[in-house]
Amino acid sequence: MGRLAPSPTGALHLGNARTFLLAWLSVRSRGGTLLLRIEDIDGPRVKPETIAGTLADLRWLGLDWDGEPVLQSDRLGHYEAAAARLVAAGHAYACVCSRSEVEAAASAPHAGDEGPAYPGTCRGRFTDRAAARAATGRDAALRFRVDVAAVPFDDGFVGPQRGAVHGDFVVQKRDGGPAYQLAVVVDDAAQGVTEVVRADDLLPSTPRQLLLYRALGLAAPQFVHVPLVVGGDGRRLAKRHGDTSLRHLRARGVTAAAVVGYLAFLCGLGPRGGSALPGDLLGRFAWQRLSRQPVRGDDHGLFA
Ligand code: GLU
């Protein structure tokens, strides 16, 4: 059982379309079930039109799913309950530190864009968020207590991973909403998802999610992280590389078959300039055909 889990933050572009095509092919080539979950709780309030646009983009590409889409905004009580269980079992604690306090308290300079590891200032300080608020007058987040340096796991595409965990991480935000890490684990487990195909920018999140599965006594899925689509400068495909949104391509008269053909080419499943429907690729799909390097996807010549 697999899933598509778009965040409806804007129009789908070639990068996410490729990831969704791969998730679809992996499941459908084995006759499996594919669910659709709209991850609409992260970031600014999502408008209903944005969600409808995401569904329309997926349908236009020819990707289908089983059952009704699930909206994370309908499931807030489940995340709240899981967070409460983590606190009750001593896996999570209330934390009132602001981002700048965490930065200031960090002793070592940090690499990458993860920010510094949390120094543990609030560990053991409060019994829960309400107590933290009463004591400090500040809204508290909940942090998961990480007592290991790494959670090794075997990724279905990139292979064995050391799975470094970068300190105690937030599972419930200061406003009471769930952090992505918690919501995705609660949902994948509740929906019976056994395979998660997603872009490899989420690889650093996986060890955290594995810790949450363990702490909540849930079975973890197989993770399959696929390389990102990048522009000619080697950076993640984004607006600066031009408009690769499906909406824009469609408005310019590019057909879904040309887009899927191009995505197939980027996946090593078809020739440059070919056209295809997702179903045409089922017989050819194999993870071994996929490049392990980031894939360049800003060749607009194909669509001109
Ligand atoms: N909603 C996330 C995204 O669109 C994907 C989360 C996941 O696959 O775990 O990037």
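Here, the structure is the one placed above.
Residues numbered from 1 in each chain as written. Predicted model: local features only at pLDDT ≥ 70, side-chain atom pairs only at ≥ 80, totals over all residues. Heavy atoms only, no water.

(A) Spatial organisation of the packing of helix α6 (residues 180-190) against helix α7 (residues 206-216). Across the interface, α6 lies against α7 with an axial gap of 9 Å and an inter-helix angle of 55 degrees. The orientation of α6 relative to α7 falls into the category oblique. As α6 runs across α7, the sense of the crossing is right-handed. Residue-level contacts link Tyr180, Gln181, Leu182, Val184, Val185, Asp188 and Ala189 of α6 to Arg208, Gln209, Leu212, Tyr213 and Leu216 of α7. (Axes fitted to C-alpha atoms, helices over the stretch in contact; angles between N-to-C directions. Helix = DSSP H or I, 4+ residues; strand = E, 2+ residues; numbered from the N terminus. Parallel < 35°, antiparallel > 145°, perpendicular 65-115°, else oblique. Left-handed = near helix turned anticlockwise from the far one by under 90°. Contact = heavy atoms within 4.5 Å.)

(B) Structural detail: the pairing of strand β9 (residues 195-199). Among the five residues that make up β9, five are buried, leaving the element largely enclosed by the rest of the structure. With respect to chirality, the unit in which β9 leads through α7 into the neighbouring parallel strand β10 (residues 222-226) is right-handed. (Buried < 20%, exposed > 50% of the residue type's maximum accessible area, 1.4 Å probe, protein only. Right-handed = clockwise from strand over helix to strand, strands pointing away.)

(C) Just the sheet that holds strand β2 (residues 34-38), in detail. Overall, parallel pairing links the three strands, which are arranged β1-β2-β3 in an open sheet. Taken across any chain shown, the strands that pair with only one partner, and hence form the sheet edges, are β1 (2-4) and β3 (70-71). With three bridges joining them, β1 and β2 adopt parallel strand pairing. The residue of β2 that forms the bridge with Leu4 is Leu36. In the packing of helix α1 (residues 14-28) onto the sheet, the strands contacted are β1 and β2, and the crossing angle to β1 comes to about 155 degrees. Contacts from helix α2 (residues 48-61) reach β1, β2 and β3, with the element oriented near 150 degrees to β2. (Pairing = 2+ DSSP bridges.)

(D) Geometry of the side chain of Ser26. Relative to the elements of secondary structure, Ser26 occurs in helix α1. Side-chain polar atoms of Ser26 contact the side chain of Glu195, separated by 2.7 Å. Once you skip the residues sitting within four places of it in the chain, Ser26 turns out to touch Glu195, Val197, Phe285 and Trp287. (Polar contact = N/O pair within 3.5 Å; in protein donor to acceptor, adjacent residues only side chain to side chain.)

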